[in-house]
Amino acid sequence: MAKRPVSISMKSGSENRGLSFDRPVASQIYAFIRDAIVSMELLPGQMISETALAEQFGVSRTPVREALIQLANIGFVEVLPQRGTYVSRFSVEKILEARFIREALEVAVVMHLAENVTPEIVQIGEKMIAEQNVAANDDDPHAFQRLDDEFHNTLANFTSYSRVATLIEAEKAHMDRVRKLSLHMTGQYKRLITQHTAIIKAIKAGSPEKAAKAMGVHMKDVYNVLQVIPKEHPEYF
């Protein structure tokens, strides 16, 4: 088990991420912990202390416990009786299941956008790809991953179906931790940018078939990652 004390950064860049008491506290704590797990700030196998988190957030243990229950429900933490709560280790089965579900959803998204293409979605997509190029050149994995999240979230939101982005995000999270570790792989930045570019080009061309193929290739990239990361970090599985 990872031994460092549990602590979650309350800042993202220069933006303060302190709790706002005009919104449900448990949901905010859930988001902070989830982000810390996805970003690998909290490592697989690391123990999570309700008391330590309650002290850090300046709240009682109740909202922290509620947040941890939500995280357990999506498989991000594991509660072991008499032993404590731990960040879940990677599961190849869960990662592949998430990829399968995401591909079905995201292929449907890009086909819909190609059938209903607008200049706005193309312009925004191209702008985000340009920003990803900057992050890649700066070798900034945090910015690159944030932009990747925005890319997929933006595409989903342009369908105008309110639940699509939420469903994709829920599944995407299981792949994101492994993906975070994969960005150091030779050519990974370039490969992902090339895949995003192909998706936007297919949407711009108004070709649902090409958009579906491009997204399918993108979703299957996790197979390349799973050939490397388990060997490099067996302690996380």
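Scroll up to find the structure this text is about.
What this report covers is the structure whose coordinates are included nearby. Quantities reported herein were computed from a predicted structural model and do not represent experimental measurements.

Scoring rules and cut-offs
- Residues numbered from 1 in each chain as written.
- Predicted model: local features only at pLDDT ≥ 70, side-chain atom pairs only at ≥ 80, totals over all residues.
- Heavy atoms only, no water.
- Helix = DSSP H or I, 4+ residues; strand = E, 2+ residues; numbered from the N terminus.
- Contact = heavy atoms within 4.5 Å.
- Pairing = 2+ DSSP bridges.
- Axes fitted to C-alpha atoms, helices over the stretch in contact; angles between N-to-C directions.
- Parallel < 35°, antiparallel > 145°, perpendicular 65-115°, else oblique.
- Left-handed = near helix turned anticlockwise from the far one by under 90°.
- Nonpolar A, V, L, I, M, F, W, Y, C, P; charged D, E, K, R; others polar.
- Salt bridge = Lys/Arg side-chain N within 4 Å of Asp/Glu carboxyl O.
- Buried < 20%, exposed > 50% of the residue type's maximum accessible area, 1.4 Å probe, protein only.

With that settled, consider the environment of Leu105. Positionally, Leu105 belongs in helix α4 (residues 92-115). Contact partners of Leu105, with chain neighbours within four places excluded, come to Leu167 and Ile168.

Further remarks concern the pairing of strand β4 (residues 77-80). By the bridge criterion, 4 bridges tie β4 to strand β5 (residues 84-87) in an arrangement that is antiparallel. Directly across from Val77, in β5, lies its bridge partner Val87. Taking the residues that link successive antiparallel strands as the turn, the β4-β5 hairpin has 3 residues, and the phi of Gln82 there is positive, at about 70 degrees.

The next point concerns the sheet that holds strand β3 (residues 47-48). The strand order across the open sheet built from 3 strands is β3-β5-β4, with neighbouring strands paired in antiparallel fashion. The open sheet is flanked by β3 and β4, the only strands paired with a single partner.

For the pair helix α1 (residues 25-38) and helix α3 (residues 61-73), the least separation of the axes is 8 Å and the interaxial angle reads 55 degrees. Looking at the two axes, α1 sits oblique to α3. Note on packing geometry: the crossing formed by α1 with α3 is right-handed. Residue-level inspection shows Val25, Ala26, Ile29, Tyr30, Ile33 and Arg34 of α1 in contact with α3, the latter providing Pro63, Val64, Glu66, Ala67, Leu68, Gln70 and Leu71. Partitioned by chemical class, the residues of the contact of α1 with α3 number 10 nonpolar, 1 polar and 2 charged.

The next point concerns the pattern of salt bridges. Evaluation of the coordinates by the stated rule reveals 17 salt bridges. Notably, a salt bridge pairs Asp221 with Arg191, separated by 3.1 Å at the nearest N-O pair. One end of the pair, Asp221, is in helix α10 (residues 221-226); the other, Arg191, is in helix α8 (residues 188-204), and 30 residues separate them in sequence. The exposure class of Arg191 is partly exposed, given its relative accessible area of 26%. The network of salt bridges with shared partners includes Asp148, Asp149, Lys172, Asp176 and Arg179.

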